[in-house]
Amino acid sequence: MSRRAPRHDRDAGGPASVLAAKAALRQEVWAEMSAARVARFPGAAGRIPNFSGAEAAAQRLRGLPAWQEASTLKANPDSAQWPVRQRALEDGKTVYMAVPRLASAEPFFALDPAHLSESPRKAASISGAARSARQVSLADLTPVDLVVMGSVAASEDGTRLGKGGGFADLEFALATAAGLIGPHTVAVTTVHEIQLRPAGVIPVTDHDVPVDFIITPERVIDCRPHRGARPAAGICWDDLTEEKIAAIPLLAAQWTARQGSAR
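So, here is what we can say about the structure in this document. (Residues numbered from 1 in each chain as written. Predicted model: local features only at pLDDT ≥ 70, side-chain atom pairs only at ≥ 80, totals over all residues. Heavy atoms only, no water.)

Details of the environment of arginine 60
1) Next: Checked against the element boundaries, arginine 60 lands in helix H2 (residues 54-62).
2) Next: Residue classification places arginine 60 among the partly exposed residues on the basis of a relative accessible area of 36%.
3) Next: In this structure the C-alpha to C-alpha distance between arginine 60 and threonine 190, which are 130 residues apart in sequence, comes to 9.5 Å.
4) Next: When residues no more than four places from it in sequence are discounted, the contact partners of arginine 60 are Ile215, Thr216, Pro217, Glu218, Arg219 and Val220. (Helix = DSSP H or I, 4+ residues; strand = E, 2+ residues; numbered from the N terminus. Buried < 20%, exposed > 50% of the residue type's maximum accessible area, 1.4 Å probe, protein only. Contact = heavy atoms within 4.5 Å.)

This is the structure in C-alpha cells:
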C-alpha cells in the first residue's frame, strides 16, 4: 500500500500496545486483500472490506440451521454484509441494522420484510434502509436470534477484528444488557479466505465479542469447539473514552443514569 489507512480507534480505550497491534494487523489484511485484488470498490483500507465472493458467502450462511431457524437478525450496515441482509429479507426475516456509528437517539433501522417500499436488495443498503425502515430505539427491538458482524480479520477460535471503532461489540453489549441477546443467540461473520488468521494471532481485549461461525465463499468454520463458552457481554466502561460516550446518545444516556445511581 502506498499510504496507511486511517485508524478508527482514535477514541478507543484500552492498552496502547493492544490498540497498536490491532491496527498493524488491520493494515496487513487490507494490504493483502488489495494485492490479491479481492477487495471491491472503494477498496479494503480503512473499512470492513467488501470482498469478492460476498454473495457466495451469504448463500453458504443461508444453509446453516441457525439461519433457517432465525426469524430476527441484527446485522452490521457494511457493504460486505449487504448480500446477507438482502437474503434475510428475501427469506422473510426481520433485520435490525445499526445506524452508522450509533449516532442517533434511535440508533437502529428496523426492516420488516412484509412492509418494504422497494426490493430487498435496495432496502438492505444503508440508503435504502433510510427510506424503507423505521428508525427505532433499543427499547423497540425484539429478541434477536442471529447476530451478523463485519470483520477485517477472523480466526477459527472465534476471535474477530473490526475496523477499530468498537461499535459491533458495543451493539452486542447493549443488546445483551437489554435482554435481546442471550447465551443461545448465534453470532456469525462473513469474510474472504485472505481475512482468516490462525488462532491466537488476533489481539483480544475484555470487550471483544467472539463469533460462533465464520463463513467464507468456500466453507463454514464452526468456532465453538475451539473456544469455551462465550463470555457474558457487558459494557466495559473503563474502555470507553469520554469522547466515545458523548458521541453515542444511547451510551451518554446510560452513563448519566449510571452516574446518578452512584450518588
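Some thoughts on the environment of glutamine 59
1) Next: When you line up the elements, glutamine 59 lands in helix H2.
2) Next: Residues glutamine 59 and proline 217 lie 158 residues apart in sequence; the distance between their C-alpha atoms is 8.4 Å.

Section: the sheet that holds strand S7 (residues 160-161)
1) Next: One open sheet holds the three strands; their spatial order is S7-S6-S9, and the pairing between them is mixed. Edge positions in the sheet fall to S7 and strand S9 (196-197), since each of these pairs with one other strand and no more.
2) Next: In this sheet, S7 lies alongside strand S6 (residues 153-155) in antiparallel orientation, the contact comprising two bridges. Considered in S7, the bridge of alanine 154 is made with arginine 160. (Pairing = 2+ DSSP bridges.)

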